[in-house]
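Residue-level listing of the chains:
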Amino acid sequence: MSIVTVQLGQCGNQIGHEVFSALCRDIRGTHGLCSKKENESYQDSCKERFFCEEESAVPVARAVLVDMEPKVISQTLSLAASSGHWRYSSHSHFCQKQGSGNNWANGYSVHGPRHKEAIMNLVQKEAEKCDRLGGFFTIMSMAGGTGSGLGAFVTQCLRDAFPSSFLLNHVIWPYGTGEVIVQNYNSVLTLSHLYRSSDALLVHENDAIHKICAQLMNIKQISFRDVNAVIAHQLGSMFQPTHTAAGGSGYSRNPLGDLMETLVPHPEFRMLGLRNIPQMPENSLPYSTFSWPGLIKHLRQMLIANAQMEEGIDWQVRPPHPGSSIPSTNKPLHFNTSIANLVILRGKDVHSVDLGCFQDPSLYTSWLTPQDAFNAWKTPRAFNKYEKCAALVSNSQFLLKPLDSIVAKAWNMFASKAYLHQYTKFGIQEEDFLDCFTTLEQVISSYTNL
């Protein structure tokens, strides 16, 4: 089944480009470490998901590019074409001359309705090119105006136009120190609207990825391109083909459906986080060896201590003892309770890996058994030059702190009516804000009570 990617705003388009580049680099690589037959079926499966083969031999990304100013899209199109290995379709982008000025309401209430028909026509055409449409993957930032406001509007349109397709929103969480003065407003509005129409939200925090660039990749002057490359690597390690537990011998056919089925057992809980191990500069890879027990031990501790990378994990955090009937409010401090976890293993000897430590009932909420809450997907095909690598996609309390903080900051501004006139002039009223706060307070409360 194929996935149509919708890249929204500057951030969405730049990350989208990095994702397709990473996927393409991976399937072109000869570092598969697996049989020729396995490698070929992996490559075919990836191409079916993310690329369509047109007359030219170069794969064409199944993507729609949307931005309210032309600069980033034209850069993205030419960067992809100049790689010579893949390109975007010349008819699947939409841009205008004026941006959204970092104003969510402008993107959602003005640009959205005005350009709905043109954008949805492009999406429809892309969807029709798929033999079987598995769903949509949108990429957007929460802080600005186009990605967030127009992104929320387009997500609603996708839900209306394709009610039975899966819809995964990839959301970039802004730097805590702030890029835009109204980013907390934009974030609250985006998250609450996406929660109503999306099947799941996959969240990457800029601060966490920045740390990975500095500490694991040893990059001195970190650019957005560096940050985006790390995000793309993580997304690739989640999206590239694998054998699911029930999949028999072939590669999984419906990646978005499989993700939702394993990770979103209840509509109240839709926040997904992604962690990867190991991560290092490419030139260090030949000098590094990893054992599966070591990787799995670190990955589990990253989950329960809510660490985004393998360096600086708090090893003091332990799961609560089974059988101790402490109410959830007294759980050990900093322990990150999960609803569902999916571990994806790629590379050498994956079938001999023991994942029993992820089936500990104390990691999960009391209303799901570990058999239902935990899944593992595997493939002997190595990913992106890593002999062994593991990804963890988890639906857990990992976002509680940042979410609480963004809602609190937005509420403080709202209480003093700061900048509200910027939104009301585009038709977003105080009641709309209050609805959004209510939605997110409910999400916070549900995750807190796990």
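What you see is a predicted model, and the numbers here were worked out from it, not measured in a lab.

What counts, and where the lines are drawn
Residues numbered from 1 in each chain as written. Predicted model: local features only at pLDDT ≥ 70, side-chain atom pairs only at ≥ 80, totals over all residues. Heavy atoms only, no water. Buried < 20%, exposed > 50% of the residue type's maximum accessible area, 1.4 Å probe, protein only. Helix = DSSP H or I, 4+ residues; strand = E, 2+ residues; numbered from the N terminus. Arc of directions from axis to C-beta. Contact = heavy atoms within 4.5 Å. Pairing = 2+ DSSP bridges. Axes fitted to C-alpha atoms, helices over the stretch in contact; angles between N-to-C directions. Salt bridge = Lys/Arg side-chain N within 4 Å of Asp/Glu carboxyl O. Right-handed = clockwise from strand over helix to strand, strands pointing away. Parallel < 35°, antiparallel > 145°, perpendicular 65-115°, else oblique. Nonpolar A, V, L, I, M, F, W, Y, C, P; charged D, E, K, R; others polar.

(A) A look at helix H7 (residues 206–215). All of the buried residues along H7 are Asn 206, Ala 208, Ile 209, Ile 212 and Cys 213. Considered in projection along H7, the buried side chains sweep an arc of 165° and stay on one side of the axis. Taken together, the buried residues of H7 touch strand E8 (166–173), strand E9 (200–205) and helix H8 (224–239).

(B) Region of interest: the sheet that holds strand E11 (residues 338–347). The mixed open sheet is built from ten strands, whose spatial order is E6-E4-E1-E7-E8-E9-E10-E13-E11-E12. In the strand order of this sheet, the two ends are held by strand E6 (93–95) and strand E12 (374–379), each with one partner. Across the sheet, the mean angle separating the axes of adjacent strands is 20° when strand polarity is ignored. Two elements, strand E1 (residues 2–8) and strand E4 (residues 63–67), share four bridges in a ladder whose sense is parallel. Across the sheet, the residue bridging to Leu 8 is Val 66, located in E4. Against the sheet, helix H2 (residues 36–50) touches E1, E11 and E12, its axis set at about 50° to E1.

(C) A look at the sheet that holds strand E5 (residues 87–88). Taken in spatial order, the three strands line up as E2-E3-E5 in an open sheet, and their pairing is mixed. Single-partner strands in this sheet number two, and they are strand E2 (51–53) and E5. When strand E3 (residues 59–61) meets E5, the two strands line up parallel, connected through two bridges. For Ala 61, the partnering residue across the bridge sits in E5 and is Tyr 88.

(D) The pattern of salt bridges, seen in detail. Scanning the entire structure with this criterion turns up ten salt bridges. As a salt-bridge pair, Glu 40 and Lys 36 come within 3.6 Å of each other at their nearest N and O atoms. With Glu 40 and Lys 36 both in helix H2 and four residues apart, the pair spans about one turn of that helix. What makes Lys 36 exposed here is its relative accessible area of 66%. When the shortest N-O distance is used, the salt bridge between Lys 348 and Glu 387 registers 3.5 Å. Remark: Glu 387 occurs in the loop between E12 and strand E13 (388–396) and Lys 348 occurs in the loop between E11 and helix H11 (370–373); sequence separation between them is 39 residues.

(E) Up close: the pairing of strand E7 (residues 133–141). Most of E7 sits inside the fold, with eight of its nine residues counted as buried. The pairing of E1 with E7 spans six bridges and is parallel. The residue bridging Val 6 from the neighbouring strand is Thr 138, located in E7. Here E7 pairs with E8 via seven bridges, running parallel. Following the sheet pairing, Thr 138 is matched in E8 by Asn 169. What joins E7 to E8 is helix H5 (residues 146–161), and the crossover it makes is right-handed.

(F) Molecular detail of the packing of H5 against helix H6 (residues 183–197). Interaxial distance between H5 and H6 falls to 9 Å at its minimum, and their mutual angle equals 5°. Relative to H6, the element H5 is oriented roughly parallel. Taken together, the residues of H6 that come into contact with H5 (itself represented by Ser 148, Ala 152, Thr 155, Gln 156 and Arg 159) are Asn 186, Thr 190, His 193, Leu 194 and Ser 197. Within the contact of H5 with H6, the residues separate by chemical class into two nonpolar, seven polar and one charged.

On their own, these measurements won't tell you what the molecule is for.
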